[in-house]
Amino acid sequence: MTTSRIRKAVFPVAGLGTRFLPATKTVPKEMLPIVDRPLIQYAVDEAIDAGCDTLVFITNRYKHAVADYFDKAYELEDRLERRGKTELLELIRNPLPSHVRAVFVTQHEALGLGHAVLCAKPVVGDEPFAVLLPDDLIWNRGPGALRQMADHAEQTGAGVIAVQDVPREMTSSYGIVATDGFENRHGRINAMVEKPRPEDAPSTLAVVGRYVLQPGIFDALESTQRGSGGEIQLTDAIAAMVAQGTRHDAYRFQGTRFDCGTHIGLIEATIRFALDNEKLNGPAREAMQRALDELGVASND
Ligand code: UTP
């Protein structure tokens, strides 16, 4: 049993992002902004808050924008400097703190989330690590969701999977876990199923895109057959480990999660972050009121 602190965070960002076409024809889903920062930035901040110093991005050949975002932009920096725009310069000068490094690994074919995680094996090696799906944006005033999970993983040596209760009719959109019950925020997982129909779901506890995994997951992924949609599912590999008795805990994190992989989730996150922003709060309220008033008029026509 490994009980060390996670240092590495894997960001599988090689999906096709079809739900946001046509935008995602050229803009990776992870680069869609919430107010002024792309989704990937929020996930990276959460990983750094949890103590990670190595960020592993699993990308594909179309996703140069993600690498460019974390690279230096010499020309832009030079222009801002010459114009004396120091505030803006600070925003882009150091995309990552100096103790953090970014590593990019190409997933040549979109063979699923499990396969994307497996692509990180040479970089992660034999230590526990985190997986963050940036389209699940988690907002919390206190410690980030991943930090909460990393603390629990460090204390227990278990794999830790973020979960949230969902309405039963939504189970077919999620990985669903069953546990032996809950103590505080965590419960040991005894079953895990990918996207069950509501009538087959063992519970309504849905997996959210944050995981702390032990290195044994790589062996499990290597022996996982392609599942639904011809993809290698991370859920199947975790379920196999659970079946073999390897402890994985479901963790009800503190925070609000926005499913920014869907249109309404992205809109809701934008509203929430705008209302939480000192400068935007007033204008955002006014804009929303105007929209509601105008639509109210339209619906009476
Ligand atoms: P999703 O199921 O959200 O798929 O992937 P997607 O391609 O991003 O988006 P839609 O459904 O077509 O709109 C879950 C996560 O796994 C990554 C995605 O980038 C996303 O972060 N992923 C998925 C990969 O990195 N590689 C894959 O082969 C599949």
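Everything discussed here concerns the structure shown above.
Residues numbered from 1 in each chain as written. Predicted model: local features only at pLDDT ≥ 70, side-chain atom pairs only at ≥ 80, totals over all residues. Heavy atoms only, no water.

**Some details on the pairing of strand β4 (residues 54-59)**
Counting buried positions along β4 gives six out of six residues, so the element sits mostly inside the fold. Here β4 shows a buried face lined by T54, V56 and I58 and a second buried face lined by L55, F57 and T59. In this structure, strand β1 (residues 8-12) lies alongside β4, joined through five bridges in parallel fashion. Across the sheet, V10 pairs through a bridge with V56, a residue of β4. (Buried < 20%, exposed > 50% of the residue type's maximum accessible area, 1.4 Å probe, protein only. Helix = DSSP H or I, 4+ residues; strand = E, 2+ residues; numbered from the N terminus. Pairing = 2+ DSSP bridges.)

**Re the site of the ligand**
Around the ligand, a shell composed of 17 residues is seen, among which P12, L16, T18, R19 and Q107 lie nearest. Protein chains bury 83% of the 570 Å² of accessible surface belonging to the ligand in isolation. Taken together, the residues of the shell around the ligand break down into eight nonpolar, five polar and four charged. (Near = heavy atom within 4 Å. Areas by Shrake-Rupley, 256 points an atom, 1.4 Å probe, with all protein chains shown as cover. Nonpolar A, V, L, I, M, F, W, Y, C, P; charged D, E, K, R; others polar.)

**Re helix α1 (residues 39-49)**
Judged by how many residues are buried, α1 sits mostly within the fold: eight of 11 residues are covered. Listed as buried for α1 are L39, I40, Q41, Y42, A43, V44, E46 and A47. One or two residues past the end of α1 sits G51, with phi positive at roughly 105°.

**What to know about the packing of aromatic side chains**
How two aromatic rings sit relative to each other is set out by the distance from centre to centre and by the angle between their planes. For the coordinates displayed, the defined rule picks out seven aromatic pairs. Where F11 meets F57, the ring centres are 5.0 Å apart and the plane angle is 20°; that geometry is what we call stacked. With F11 in strand β1 and F57 in strand β4, this pair connects stretches of sequence that are 46 residues apart. Its relative accessible area of 0% is what places F11 among the buried residues. Measuring from ring centre to ring centre gives 5.1 Å for Y42 and F273, while their planes differ by 70°; the resulting arrangement is edge-to-face. With a gap of 231 residues between them, Y42 in helix α1 and F273 in helix α10 (residues 263-275) connect regions that are remote in the sequence. Here Y42 and F273 have matching classes, each one buried. Three or more aromatic residues link up through ring pairs in this structure, and these residues are F11, F57, Y69, F70 and F104. The positively charged end of R272 is found above the aromatic ring belonging to W139, 5.8 Å away from the centroid. (Phe/Tyr/Trp six-rings, centres within 6.5 Å; stacked < 30°, edge-to-face > 60°. Lys NZ or Arg CZ within 6 Å of the ring centre and 35° of its normal.)

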